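Given next are the chains, with one letter for each unit.
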Amino acid sequence: MYPEGNGGDGLVFFDWDFQDQNHNWSGNSRAPAGDNGDLGIKTHFFTAGLQYMFVRDLGLQIEVPYVERSFTSLGGPSGTQAVTRRWSDLGDVRINGLYTGIIRDQSLGVSIGLKLPTGDFKHQEPGIGVDRDTQIGTGSTDLLLGVFYHHWITKDRNWWIFAQAQLDSPMCTQDGYCPGIEGAAALGFYYNGWSIGNAKIRPIAQAIASQRGHDSGPHSAHPVASGYERVLLSPGIEIDFHHVMIDASIELPVYQHVSGDQLISQALFKAGVTYRF
């Protein structure tokens, strides 16, 4: 969904993402489950979005997530029972301005925007505490800075390379909690030479790296047990019917380092559908 085309071109999309954080991890390796009072976090992210180019080089992208989460931890009257709470709510909305005029062919672009504090960050239930880093929203307004590149690498334009990076830096926070600054980058390739009838079939391979700093603040932050570094490999596929595109991928961690004891997922799953207009 890299921005391209002329003014008036746009797309709408809907994505589903899922992760099941059910393994306790410390440093670079798995740690005993008994070292962590949190037992599992399952999350479904449903994101609707719009990308629209007002003129050839300037556009806007809006992402509105809805999140369903289940959180299991030790609680109850004795503090030793496994208690599960399920809840859902609007997540943190992201708005980005896009500029693709750095190079004439629009292959290189930048984005700048905000993550808004629209998600719930105060959800609590009797018998089970929900930490701030487990809430659906962060309660913070974040500055988003990004760069992206997308171009063919063979003369027949069948092989393409893409890359992007984004920095998420909290600026305004609430209730004495500040999430860690986060950066992420991806590098990948796809093949554009297969088709079945009118549908293009594109296999995709990418590597994704991300790093998040420690949370901070006097209330509900856990600097010792927050922050991570990870590298994931992600095979996927796109099926493009010109106006409609369907995609699916899986992200598999090959390196993870976390501070303290944290729950990690062995795989992340993604699927989406996009309509161009």
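Going by the structure above, here's the rest.
Residues numbered from 1 in each chain as written. Predicted model: local features only at pLDDT ≥ 70, side-chain atom pairs only at ≥ 80, totals over all residues. Heavy atoms only, no water.

### Description of the packing of aromatic side chains
The condition is simple: For Phe, Tyr and Trp, rings pair up if their centres lie within 6.5 Å, where Trp contributes its six-membered ring, and each pair is then called stacked (planes under 30 degrees apart), edge-to-face (over 60) or tilted (otherwise). Counting from the N terminus, the helices are DSSP H or I runs at least four residues long and the strands are E runs at least two residues long. Relative accessible area decides the class of each residue, using a 1.4 Å probe on protein chains only: under 20% of the type maximum gives buried, over 50% gives exposed, and in between gives partly exposed.
With the rule as written, the count across this model stands at eight aromatic pairs. Between Phe14 and Phe46 the ring centres are 6.4 Å apart and the planes differ by 20°, which places this aromatic pair in the stacked class. Separated by 32 residues along the polypeptide, Phe14 in strand S1 (residues 10-27) and Phe46 in strand S3 (residues 38-53) bring together distant segments of the chain. Taking relative accessible area as the criterion, Phe14 reaches 40% and is therefore assigned partly exposed. Here the aromatic rings of Trp16 and Phe18 are separated by 6.3 Å at their centres, their planes lie at 5°, and the arrangement is stacked. According to the relative accessible area criterion, Trp16 is partly exposed, its value standing at 29%. Site record: aromatic cluster; members linked through ring pairs are Tyr52, Phe54 and Phe277.

### What about the environment of Gly260?
Convention followed: Contact definition: two residues touch when any of their heavy atoms are within 4.5 Å.
With respect to the helices and strands, Gly260 occurs in strand S14 (residues 244-276). Taking relative accessible area as the criterion, Gly260 reaches 25% and is therefore assigned partly exposed. It is 13 Å that separates the C-alpha atoms of Gly260 and Asp38, two residues lying 222 residues apart in sequence. With sequence-adjacent residues up to four places away left out, Gly260 is seen in contact with Trp25, Ser26, Gly27, Val224 and Ala225.

### Here we look at the pairing of S1
Under the convention used in this document: By the convention used here, strands pair only if DSSP detects at least 2 bridges between them.
Bridging between S1 and S3 involves 12 bridges; their strand directions are antiparallel. Bridge assignment links Gly10 to a residue of S3, and that residue is Tyr52. Inspection of the sheet shows S1 paired to S14 by 15 bridges, in the antiparallel sense. In the strand pairing of S14, Trp25 is matched with Gln262. Inspection of the sheet shows S1 paired to strand S2 (residues 29-30) by two bridges, in the antiparallel sense. In the sheet register, Ser26 faces S2, and the bridge partner there is Ser29. Between S1 and S2, which pair antiparallel in sequence order, lie one residue.

### Looking at the layout of surface pockets
Put simply, the rule is: In the cavity and pocket records, a cavity denotes points on a 1 Å grid over the protein atoms alone where a 1.4 Å probe fits but cannot get out, a pocket denotes an open set with protein on both sides within 12 Å along at least 5 of 7 lines, and lining residues are residues with an atom within 4 Å of a point. Grid points are joined across faces, edges and corners, and a volume is the space filled by probe spheres set on the points. For this classification, the nonpolar set comprises Ala, Val, Leu, Ile, Met, Phe, Trp, Tyr, Cys and Pro, the charged set comprises Asp, Glu, Lys and Arg, and every other residue, Gly included, is treated as polar.
Looking at the second largest pocket, its volume works out to about 190 Å³. Together, 12 residues line the second largest pocket, and Glu4, Asp105, Gln106, Ser107 and His150 are the ones closest to its centre. Top contributing element to the lining of the second largest pocket by residue count: strand S8 (residues 141-152), with four residues. Taken together, the residues of the lining of the second largest pocket break down into five nonpolar, five polar and two charged.

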